[in-house]
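Structure at a glance
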Amino acid sequence: MIRESDNAAATARWDAICGGDGLARANLRLELEETSPGADGLWGLTETTAADQLRLLRAVFTDDSPLSPASRVHVQEVVGGMAADQDWGVSAAASGGGA
């Protein structure tokens, strides 16, 4: 959910969810079995797989989701407002850009 790349904001969010422990709890809820919180408590070292990213997209964009409808709408709005220079990966492919 990047609008603009901002390490300080990412660290603040990481701290707000209680770091790797919070991410691990979210991973369980979203059934992200192949995503691991960053080693040594560092968010930038978090690892995931393409399969888990597809699971995450399904949780955000389908009704069959552990997320509430309001949460899904919020995430969709944040992703939809992504800065053009942050358009990479799945969002770039969807808009015809490079991956």
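Residues numbered from 1 in each chain as written. Predicted model: local features only at pLDDT ≥ 70, side-chain atom pairs only at ≥ 80, totals over all residues. Heavy atoms only, no water.

Section: the overall build of the protein
The criterion, for reference: Every helix listed is a DSSP run of H or I at least four residues long, and every strand listed is a run of E at least two residues long, numbered separately from the N terminus. Type-normalised accessible area, obtained with a 1.4 Å probe on protein chains alone, sets the label of each residue: buried when under 20%, exposed when over 50%, and partly exposed for intermediate values. For this analysis, residues touch if any pair of their heavy atoms sits within 4.5 Å. Residue exposure ignores everything except the shown protein chains as possible cover, and the areas themselves are Shrake-Rupley values with a 1.4 Å probe.
The number of helices and strands found in the protein is five helices and zero strands. For the protein, the N- to C-terminal ordering of α and β elements is α-α-α-α-α. Per-residue burial over the protein gives 21% buried out of 99 residues. A sequence separation of at least 24 residues applies to 41% of the contacts in the protein between residues at least 6 apart. Roughly 6800 Å² of accessible area belongs to the protein as shown, and the carbon and sulfur atoms make up 56% of that amount.

With respect to the nonpolar core
Filter applied, for reference: For the purposes of this section, nonpolar cores are sets of buried Ala, Val, Leu, Ile, Met, Phe, Trp, Tyr and Cys residues that join through side-chain atoms within 4.5 Å.
Counting residues in hydrophobic clusters, the biggest one holds six residues: Leu30, Leu32, Ala59, Val60, Leu67 and Val75. In this structure Val60 touches Leu67, Arg72, Val75 and Gln76, once residues within four positions along its chain are discounted.

Things to note about the pattern of salt bridges
Pairing is possible between side chains of opposite charge, provided their charged atoms come close. As a reminder of what qualifies: Any Lys or Arg side-chain nitrogen found within 4 Å of a carboxyl oxygen on Asp or Glu counts as a salt bridge.
On inspection of all chains with the given rule, the structure shows two salt bridges. Arg55 serves as the salt-bridge partner of Asp52, at 2.4 Å between the closest nitrogen and oxygen. Separated by three residues within a single helix, Asp52 and Arg55 lie in helix H3 (residues 50-61), roughly one turn from each other. For Arg55, a relative accessible area of 26% corresponds to the partly exposed category. Put simply, Asp63 and Arg72 hold a salt bridge, and the shortest N to O gap is 2.9 Å. Assessed through its relative accessible area of 10%, Arg72 is described here as buried.

Here we look at H3
Residues separated by three or four positions in an α-helix point in the same direction, a consequence of the helix having 3.6 residues per turn. Keep this limit in mind: Multiply 1.5 Å by the residue count of a helix minus one, and that product is the helix's expected span. Within this analysis, the arc is defined by the directions that extend from the helix axis to the C-beta atoms.
Along its 12 residues, H3 runs 16 Å from first to last C-alpha, staying within 8% of the 16 Å computed at 1.5 Å per residue. Residues of H3 that are buried: Asp52, Ala59 and Val60. The buried side chains of H3 occupy one side of the element, clustering within an arc of 95° when seen end-on.

Some thoughts on helix H2 (residues 19-29)
Among all positions in H2, only Gly19, Gly20, Gly22, Leu23 and Asn27 are buried. Here the buried residues of H2 occupy an arc of 160° about the axis, which is enough to place them on one side. H2 presents Asp21, Leu28 and Arg29 as exposed residues on the side facing more than 90 degrees away from its buried surface. Against helix H1 (7-16) lie the buried residues of H2. Among the residues trailing H2, Glu31 stands out with phi positive, at a value near 60°.

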